[in-house]
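Spelled out from the first residue to the last, the chains are:
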Amino acid sequence: VPDDLLLGLKFIFGPSAVPALDLVDQRSVTRVTSPSGRTAYQVLGSSGKLYTCYSSCHFCTCPAFGFTVLQRSESLLCKHILAVYLSQAVGACQELTVSEEQLTSILLAEEEDEG
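Report follows, based on the coordinates. Keep in mind that what you see is a predicted model, and the values were worked out from it rather than measured.

1. As for the environment of Thr61
Piece 1. Residue placement: Thr61 occurs in the loop between strand E4 (59–60) and helix H3 (63–71).
Piece 2. For Thr61, a relative accessible area of 13% puts it in the buried group.
Piece 3. C-alpha of Thr61 to C-alpha of His80: the two residues are 19 residues apart in sequence and 9.3 Å apart in space.
Piece 4. Polar contacts involving the side chain of Thr61 include one to the main-chain amide nitrogen of Thr52, which spans 3.1 Å.

See below:
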């Protein structure tokens, strides 16, 4: 990444920029698609936990998103969502096609983790 672009990312996204780029470098972002065209993203976080992100509605299941983005409004997004956007931009997403039932299970598993 050119220095001027990196500085711009750091200016806009603050402390999320460099960790997000690390996730992109590690190819930690997977685009999960079902036959109907529903899409979600899974990001393997630096802690080894898998988070589900929805770029269409700008949401991540990680605790940092809930705290710094939703509760405190300290950041525009978490490193996982930024990694999704950056991976899309540079074509670095892993691709996974699953059945409708498998995608539903992925989405429901996230709700059970939170509930």
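Moving on, there is more to tell.
2. Looking at a nonpolar patch on the surface
Piece 1. On the surface, a nonpolar cluster with roughly 390 Å² of combined accessible area is contributed by Phe11, Ile12 and Leu76.
Piece 2. Counting through the fold element by element, Leu76 comes out in the loop between H3 and helix H4 (79–90).
Piece 3. The class of Leu76 is exposed, set by a relative accessible area of 55%.

3. Regarding the sheet that holds strand E3 (residues 50–54)
Piece 1. Spatially, the five strands line up as an open sheet ordered E4-E3-E2-E1-E5, and their pairing is mixed. Only two strands of the sheet have a single neighbouring strand rather than two, namely E4 and strand E5 (94–97).
Piece 2. Bridge count for strand E1 (residues 29–33) against strand E2 (residues 39–44) is five bridges, and the pairing is antiparallel. Within E2, the position partnered with Arg31 by the bridge is Tyr41.

How each quantity is defined
Residues numbered from 1 in each chain as written. Predicted model: local features only at pLDDT ≥ 70, side-chain atom pairs only at ≥ 80, totals over all residues. Heavy atoms only, no water. Helix = DSSP H or I, 4+ residues; strand = E, 2+ residues; numbered from the N terminus. Buried < 20%, exposed > 50% of the residue type's maximum accessible area, 1.4 Å probe, protein only. Polar contact = N/O pair within 3.5 Å; in protein donor to acceptor, adjacent residues only side chain to side chain. Patch = residues over 30% accessible without salt bridge, like charges linked within 9 Å, V, L, I, M, F, W, Y side chains within 5 Å. Areas by Shrake-Rupley, 256 points an atom, 1.4 Å probe, with all protein chains shown as cover. Salt bridge = Lys/Arg side-chain N within 4 Å of Asp/Glu carboxyl O. Pairing = 2+ DSSP bridges.

As far as function goes, none of this settles anything; it's purely spatial.
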